[in-house]
Amino acid sequence: MRVSWSWLSEWVDLTCFKSPNELAELLIKRGLEVEQIERLDQGFENVVTAKILERSPHPQADRLSVCSVSLGAGEPLQIVCGAQNMKAGDHVALAQVGASLPNGIKIGESKIRGVSSFGMLCSESELKLKDESEGILILSPETPLGRPLAEILGKNDTILHLKVTANRGDCLSHWGIAREVAAALGQKLKKTMPPLLKEGGGPVAIHLEAGDLAPQFYGCWIEGVTVGASPDWLVRKLETLGLRSVNNVVDLSNWVMWELGHPVHAYDGDQIRGKTLTVRMAIEGETLPLLDHKTVQLSGQEIVIADGERAIGLAGVMGGGNSEVQLSTRNLFLECAEFSPRSVRQAATRHQRKTDASHRFERGIDPAGLGKVMSCFASEVLRVAGGKIIGSQWVKVGSRSDAEFQRPEIRLGLYEIHDFLGFSRDQVLLSLDQVESYLEGLDCQVVREADQWRVRPPSYRWDLNLKEDLAEEIARSIGYDQIPATIPALSSTPVLDISSIPQLTLQDRAKDSLVRQGFYEALNYAFTSSESLDRLGMKSAVRLMNPLSEEYEWMVPSLLPGLIRNALSNWNHHFGSESLPIRLFELRPVFSARGAIAASSHTETGVQETWKVAWALSGPRYAGGLRSDQENVDFFDLKAVAETLFSDLGTRGIRFLPFSASRTGGNPLFHPGKSVEVLAGNAVAGHFGLLHPAISRDLKARADLWVAELDWAQLLKLSRGASQVPIYQAWSEFPGMERDFALVVKTDVTVDKICQVALKAGKPLIKGAKVFDIYRGSQVAEGMTSIAVRVIFYDETRSLQEMEVEAASTKILDAWKREIGAELRG
Amino acid sequence: MIEKLSAIGRRALEEVQQTSSLESLEQIRVSLLGKKGSLNEVLKGLSGVSAEERPVMGAAANEWKKKIEAALESRKVVLEKERLEQQLQVEKLDVSAPSRLVHRGSLHLVTQTVRRMLQVFGRLGFDVTLGPEAETDYLNFEAVNIPADHPARDMQDTFFLGPGVVLRTHTSGVQMRSMLAQKWPVRVLCPGAVYRCDHDATHSPMFHQVEGLWVDRNVRMSDLKGVLEFWARELFGAETRIRLRPSYFPFVEPGAEVDVSCFRCRVKASDSCRICKGTGWLEVLGAGMVHPKLFEMAGYSANSDGLSGFAFGIGVERIAMLLHEVPDLRLLFQGDVRFLSQF
């Protein structure tokens, strides 16, 4: 909200502030955030009013004039000017040497085509008074000379831009801010309100039919007004707040709102048909032309003001275009009413008209203030537009008494605030008398009883309901900086019922493992476009109802679209001939639907969040080195990442299945022959392998991209728990024996199978079998592969005999022959 | 024979001395001491020597053998040393050639910053709890005292996924879940991603928060201040001060915006400071005393008199950007290795 320093000065004495900055500091300390301090005379320093004494042509340039300009006193100044619209005797705006104009021009002493010039005559565009202007600004001939232009234009003011929080509707006016400042300074307000109007009379009957949604309504009839241009003071006041002048009556209604905080409205009295005015709920389908010249169709949920025939105003939001005050208007009907904050908010939201009025009604106006506001409005209308009050009516729903507009009483123990804020009870700033004076300064009625206060907040403070609210009032009265800093006592009651620390510990383990393996953690938005999913053959079941753009419309069903996009963009800005290492991972939830996405209970959303760990790998195996070291990663680097991760997590029982052996048939995102399905027990926990070449080509990937995505929860089921520690296992003190075998097998026999057969047949002495060479080529028959296997035997309790190892080896060889048709290579 | 022995011995010692390579030294050893070596040849001739002379001759031969062996050994040491020296003369790497670097990785700045915060607060006794990112309107708003049609809803532009389902705009729903799940005392931190419809250099539609909640008997506002001061000093340095300004968040009362003194310009604010823009203060979080409405919503009974608590919410990206001088929030979410590899 904009607050004008000079307007505020009408309400409260600001002379104790050396600058607007000091006032801003006070407001901030009291909870009114100042976002900006705008000096309206910014750029008007050294710009003064002056009079042209003489204008003569420039000796060297046809288009320029040389003027002699008077500031009223002192020697006239010589000014070279390029404009044509001035003549001797004109009053003008002179930017003197040293001025720095709003449009950025700095004025210095200069020579223009050989003639000295000691300033510049300004145009309205140079002063940023208008966007465009022709010629220089000519002021009225009555303008006094040598005065700051800012003062003449009413620009010697400073505007504070406040961010008023949603609980402080009472601060949305100059009166409201003045109350705060006065309370802080211990002052009384300077302005007094005009006396209340005498109620009674009027040509139209007012009916309230919306119950508690519109509990009271004050109407006032004025006849014989002259609608026209507003007086200067009014135009300027509204201008400083960024509002355009419309006419004197409309401007006054705005002025009342910014002065007192209560939105009011003026109708053209002759447009109210049928001698009746009703505040009622709209009828579904009813239409209402609004002041912004657009017609809305009402839903039936809105409160409207209606005459005998039709709706003429959307209550609390905007007046009707069918009853607008115009220059021809002679008779006025003024409205000051109370409407339900909730209903006004709904109407403003539904019809997308967040107005200054709805903003204030949503936050709550002073329900006890209607009389004061109306008397102020009406008396200003009479003063500015003339006319005569012929009647006024304050109508209330039911038999409301004034007491009903009061806030409920709050009971507060004498030292409760001390204890709650953390002050000692003998704190001087918080003596009982002090506490009372702070509250009374805020217009609270305070009654002290034996061990407690009864506090009644003023009617305009909707936010004061509990003793905690009063604690805040006291705290901000003395300043939050007075509150001491303590460390709370730890009670010995455990608080671990709902701890996520075990889960986080395991996440940390996984992240640390991937970082150790040379991966950077990426964080991608949880939403993406349908197009980016389409390209990867994916679909999302969770859509944002109000996305920022198509780019962020769907919740991600997988982390891979993000990582693949990251790889592509890294490639895009990579230059040079070296291949770029891509090593990225992410550990985050992905989203799917569990039935309909709707809140079926307080905690159930229908959205399934599944945590995944994913990584993408490409480029050289080492980060540095010579070309001979710079081979690119392949499937087995990718596999190593998974295996290292499982080892760090203590994950057991994971199997890798080639897609050809998978029951699910794999995953179309991956190259079918260079990828695996990961099984955790019997469940598919994910896949890793080469991004499918067709997708790679489609995306214009610059290199092979190896990707993995695994279901985090599945891995955790088979991993060491966060609180489980590894248990020591003794190793054999006795030397083992090794036997190497060169086998020839059919090419479709896997390494896995060879090892499994050996491990089974060589029991109990066999402790390991690993393949250390694989050869296909001219030395073996077509369709066959030569595989070198090393088998390791030992026993934890004794040295092995040559004989028993031979026997075990024979059994293994037999099994190989029988089960996979392996032959020893000749 | 003695003479013959002596002659062989002397000549051998001479040869050993003159040998310049380990290979020829070995040849000499074989030719003298080998099975068919000359010394052995001499000893074989012992059979033709008289019984009286034999021990004398034997002893002499053994003495020569020892001398020669000693000479061979010492010459070998010398020659080996020479050879190593020669070898070391030749063997030289260009140590400036590129190393076979392994890849280095790093945690995302958000993860690093969250970890630091959890560590600092953890030392004060906070537990950690996580919650879903898709949240009910009820837990995200209603239960934390932001009813439907309340102007406070304007403070947070919300993404909706379905009727009554939102992407959480803060992690306060997790606080509520914590209170619903257990009796007080509650001391939890809720870290996680949150979402608001806003996108520019200082607003991201997805960002992260660490919220804290402490509920117990007789918790005071001064406790909130002390806890935040401890956190600020741990994170920004021992001289850091904090400033609380009254503000409004529906789930707390009293509420506060919290600033920390600029860790770059320290005591004296400098107009040129690019961190605090000359104000000397950095706005970093919102906090306050838990609104009694939340206790009511959590079903904490009316007889829990003296129950109070504080809560705070810290924007993780904001802290990370301040500490690491990151100029644009969007950099954090682009997966750009040029960015990620700096931290």
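Every chain is numbered on its own, with residues counted from 1 as its sequence reads. Chains and ligands are labelled by the order in which they are written, letters from A for the one and numbers from 1 for the other. Since the coordinates come from a predicted model, pLDDT governs what is reported: local features require at least 70, and pairs of side-chain atoms require 80 or more to be given and counted, while whole-chain, interface and lining totals use all residues. The side-chain values count all of the structure's non-hydrogen atoms but skip hydrogen atoms and water molecules.

Novice: Give me the lowdown on the pattern of salt bridges, citing residues and values where you can.
Specialist: The rule for a salt bridge is simple: a side-chain nitrogen of Lys or Arg has to be within 4 Å of a carboxyl oxygen of Asp or Glu. A full pass over the atoms with the stated rule returns 66 salt bridges over all chains. Asp 149 of chain B is the partner of Arg 342 of chain A in a salt bridge, and the nearest nitrogen-oxygen pair spans 3.3 Å. Residue Arg 342 of chain A is located in helix α7 (residues 341–350), and its partner Asp 149 of chain B is located in the loop between α6 (137–140) and β3 (160–162); the two belong to separate chains. One salt bridge in this structure joins Arg 454 of chain A and Glu 409 of chain A, with 3.1 Å as the shortest N-O distance. Of this pair, Arg 454 of chain A sits in strand β26 (residues 452–456) while Glu 409 of chain A is found in the loop between β23 (388–396) and β24 (410–413), placing the two residues 45 residues apart along the sequence. For Arg 454 of chain A, a relative accessible area of 21% puts it in the partly exposed group. Three or more residues are tied together by salt bridges with common partners; here these are Arg 30, Arg 168, Asp 170, Glu 180, Arg 461, Asp 463, Glu 473 and Arg 476 of chain A. Under the scheme used here, helices are H or I runs from DSSP no shorter than 4 residues and strands are E runs no shorter than 2 residues, and both carry numbers assigned from the N terminus. Burial classification: accessible surface area is computed with a 1.4 Å probe over protein chains only, and a residue below 20% of its type maximum counts as buried, one above 50% as exposed, and the rest as partly exposed.

Novice: An account of the state of the cysteines is requested, with residue identities and associated values reported.
Specialist: Residues and elements named next belong to chain A. A pair of sulfur atoms, both from cysteines and within 2.5 Å, is called a disulfide here. For the structure shown, the criterion picks out zero disulfides over all chains. In this model Cys 444 remains outside any disulfide bridge; the closest cysteine sulfur is found in Cys 171, 13 Å from its own. Exposure remark for Cys 444: the relative accessible area of 5% places this residue in the buried category.

Novice: Can you explain the sheet that holds strand β38 (residues 784–793) of chain A? Please cite residues and give values.
Specialist: Residue and element names in this part refer to chain A. Within the open sheet, the four strands sit side by side as β37-β38-β36-β39. Their pairing is antiparallel. One side of each edge strand has no neighbouring strand; the edge strands of this open sheet are β37 (766–775) and β39 (823–824). Only strands joined by at least two bridges in the DSSP assignment are considered to pair. Here β37 runs beside β38; their pairing, made up of eight bridges, is antiparallel. Within β38, the position partnered with Ile 774 by the bridge is Ile 787. Sitting on the sheet, helix α19 (residues 751–761) touches β36 (737–746), β37 and β38, and the angle it makes with β37 is about 150°. Contacts are residue-level and defined by heavy atoms, with any inter-residue pair within 4.5 Å sufficient. Interaxial angles span 0 to 180 degrees and are taken between N-to-C directions of axes, which are lines fitted to C-alpha atoms, for helices over the stretch in contact. This element, helix α20 (residues 802–820), spans β36, β37, β38 and β39 of the sheet and lies at about 15° to β36.

Novice: Give me the lowdown on the environment of Gln 756 of chain A, citing residues and values where you can.
Specialist: All names here are of chain A. Structurally, Gln 756 can be placed in helix α19. Given a relative accessible area of 44%, Gln 756 falls into the partly exposed group. Sequence separation of Gln 756 and Gly 768 is 12 residues, and the distance between their C-alpha atoms is 9.8 Å.

Novice: Please give an account of the interface of chain B and chain A that cites residues and values.
Specialist: With 97 residues of chain B at the contact, the number on the chain A side is 99 residues. Summed over both partners, the accessible surface that disappears when two parts come together, traced with a 1.4 Å probe, is what is meant by buried area. Both faces considered, chain B and chain A share a buried interface measuring about 8,200 Å² in area, 62% of it formed by carbon and sulfur atoms. Contact with chain A buries area across many residues of chain B, yet His 103, Asp 149 and Pro 246 of chain B alone supply 10% of it, more than any other trio. Applying the counting criterion to the chain B and chain A interface returns four salt bridges. Each polar contact in these results corresponds to two N or O atoms within 3.5 Å; when the atoms are within protein, one needs to be able to donate a hydrogen and the other to accept it, and residues that are neighboring in sequence are counted only if both atoms are side-chain atoms. Remark: the boundary between chain B and chain A carries 47 residue pairs in polar contact (both at pLDDT 80 or more). Examining the composition of the side of chain B that touches chain A, we find that eight residues originate from one element, helix α8 (residues 221–236) of chain B, more than from any other.

Novice: A description of the nonpolar core should follow, citing residues and the corresponding values.
Specialist: Side-chain atoms within 4.5 Å are what join buried Ala, Val, Leu, Ile, Met, Phe, Trp, Tyr and Cys residues into a set we call a nonpolar core. One finds Phe 527 of chain A together with Leu 161, Trp 231 and Phe 312 of chain B to be the most contacted residues of the largest nonpolar core, which totals 125 residues. Ranked by residue count, the leading element in this core is α8 of chain B, at eight residues. Listed in part, the 56 residues of the second largest apolar core include Leu 234, Trp 255, Met 257 and Val 373 of chain A.

Novice: Help me get a handle on the environment of Leu 291 of chain A, residues and values and all.
Specialist: Residue and element names in this part refer to chain A. Note that Leu 291 resides in the loop between β17 (287–289) and β18 (295–297). Measuring from C-alpha to C-alpha, the distance between Leu 291 and Gly 313 comes to 8.9 Å, with 22 residues separating the pair along the chain. Ignoring any residue separated from it by four or fewer positions in sequence, one finds Leu 291 in contact with His 265, Met 318, Gly 319, Gly 320, Gly 321 and Glu 324.

Novice: An account of the environment of Arg 509 of chain A is requested, with residue identities and associated values reported.
Specialist: Residue and element names in this part refer to chain A. Structurally, Arg 509 can be placed in helix α13 (residues 501–516). We classify Arg 509 as partly exposed; its relative accessible area is 22%. With residues up to four places along the chain from it excluded, the contact list for Arg 509 reads Asp 648, Leu 649, Arg 720, Gly 721 and Ala 722.

Novice: Any details on the sheet that holds strand β2 (residues 33–39) of chain A? Residues and values, ideally.
Specialist: Residues and elements named next belong to chain A. Taking strand neighbours across the sheet as the criterion, the three strands line up as β1-β11-β2 in an open arrangement whose pairing is antiparallel. The two strands at the open ends of the sheet, each matched to only one other strand, are β1 (2–4) and β2. Sheet twist, expressed as the average angle between the axes of neighbouring strands with direction ignored, equals 25°.

Novice: Any details on the domain arrangement of chain A? Residues and values, ideally.
Specialist: Segmentation into domains, and thus their bounds, comes from an automatic or database assignment. On domain assignment, one finds that chain A holds domain 1 (2–40 + 157–185), domain 2 (47–152), domain 3 (200–403), domain 4 (406–479), domain 5 (501–717) and domain 6 (737–824). Between the C-alpha centres of domain 3 of chain A and domain 5 of chain A the distance comes to 60 Å.

Novice: With reference to specific residues and values, describe the packing of helix α5 (residues 232–240) of chain A against helix α6 (residues 248–260) of chain A.
Specialist: All names here are of chain A. α6 packs onto α5 with a crossing angle of 50° between their chain directions and a minimal axis gap of 10 Å. The angle between α5 and α6 falls in the class oblique. In this structure, α5 crosses over α6, and the sense of that crossing is left-handed. Of α6, the residues touching α5 (which contributes Trp 233, Leu 234, Lys 237 and Leu 238) are Asn 248, Asp 251, Leu 252, Asn 254 and Trp 255. Polarity classes work like this: nonpolar for Ala, Val, Leu, Ile, Met, Phe, Trp, Tyr, Cys and Pro, charged for Asp, Glu, Lys and Arg, and polar for all others, with Gly in that last group. Here the contact of α5 with α6 is built from residues that sort into five nonpolar, two polar and two charged. For classification purposes, an angle smaller than 35 degrees is called roughly parallel, one larger than 145 roughly antiparallel, one from 65 to 115 roughly perpendicular, and anything else oblique. Two helices crossing with the near one rotated counterclockwise from the far one by less than a right angle form a left-handed crossing, whereas a clockwise rotation gives a right-handed crossing.

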